[in-house]
Amino acid sequence: MIDILYFAWVRERIGLPRERVDTEATTVAGLVDELRAREDRYALAFADISALRVAVDQELADFDAPLVGVREVAFFPPMTGG
Amino acid sequence: MIGVRVQTEAFDAGAELNAFSEGLQAGAVVTFSGLVRDAGSMIAMEIEHYPGMTERAIAAIAEDAAARWSLERVLVIHRHGRLQVGAPIMMVATAARHRAAAFQAAEFLMDYLKSRAPFWKKEIGADGAEWVAAKASDEDALTRW
């Protein structure tokens, strides 16, 4: 089981701030493929992953990052702090 | 000494500066404050963040700055939640032996906070709300460090 978190417009598009999923994916990209296949709102949110950033266990990561032993994956648009 | 605060409450930049400067051996203190800019018909700004990761990411950026410019102290305060136009969003303070290091470290902190700290700004207007898009220039700013 992995906790998935969504922020900003990704959260709004999917309609959830977080959820716990059972996944067979071995990488973040594999997890994105599984999510996309679920429902239109997921397909829409993940339509263009170049517009998204991902954090694995609260560290910025790439979409090819492995999911082995990972507890938390977060998807969000590029950050706008400061 | 590194201080990181992520909070909804307002802060008093003057009081923070005085507390930050007390008992310093360093000769130079630089502070930067960011306020909610009035972007036309804006009523407020809503700032979302990633609790847990935010504190970790800011602490890592501050530690980098402290090591790189041999800072005696660093402070980062960043607010989240709903903020009115003109309200303070965040501030950084750096204390170094000389001013060049204090200025550079403050700029480094600002550049990294902008695109590596997990905050997302949304402008709330009279006719609706819109997420602020990150600029390519913000990402490019990191290459100079």
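This part is about unusual backbone geometry. Excluding glycine, most residues fall at negative phi; most peptide bonds, likewise, are trans. We note that Ala8(A) has phi near 55 degrees; this positive angle belongs to a residue other than glycine. The phi angle at Ser70(B) is positive, at roughly 45 degrees, despite the residue not being glycine. Tracing the backbone through its elements, the reader meets Ser70(B) in the loop between helix 2 (53–68) and strand 4 (73–79). Given a relative accessible area of 61%, Ser70(B) falls into the exposed group.

This part takes up the packing of aromatic side chains. Under the defined criterion, the tally for this structure stands at 12 aromatic pairs over all chains. An angle of 85 degrees between the planes, with centres 5.6 Å apart, marks the rings of Phe108(B) and Trp145(B) as edge-to-face. With a gap of 37 residues between them, Phe108(B) in helix 3 (residues 99–116) and Trp145(B) in the segment after helix 4 (136–140) connect regions that are remote in the sequence. Take Phe108(B): its relative accessible area is 3%, and that puts it in the buried class. A connected cluster of aromatic rings, assembled from ring pairs, spans Tyr6(A), Phe46(A), Phe63(A) and Phe75(A). Against the face of Tyr42(A) rests Arg38(A), its NZ or CZ located 5.1 Å from the ring centre.

Cut-off values and rules
- Residues take numbers from 1 onward in each chain, read along the sequence in its written order.
- To read the labels, note that chains go from A and ligands from 1, taken in the order they are written.
- In view of the model being predicted, local features appear only for residues whose pLDDT reaches at least 70, and side-chain atom pairs are presented and counted only at 80 or more, with totals across whole chains, interfaces and linings using the full set of residues.
- Where side-chain values are given, they derive from all heavy atoms of the structure, hydrogens and water being excluded.
- The helix count covers DSSP runs of H or I at least four residues long, the strand count covers runs of E at least two residues long, and both are numbered beginning at the N terminus.
- Each residue's exposure class comes from its accessible area (1.4 Å probe, protein chains only) as a fraction of the maximum for that residue type: buried when under 20%, exposed when over 50%, partly exposed otherwise.
- Think of it this way: a Phe, Tyr or Trp ring, Trp meaning its six-membered ring, pairs with another when their centres are within 6.5 Å, and the plane angle makes it stacked under 30 degrees, edge-to-face over 60, tilted otherwise.
- Note on criteria: charge over ring means Lys NZ or Arg CZ within 6 Å of the ring centre, with the direction from the centre no more than 35 degrees off the ring normal.

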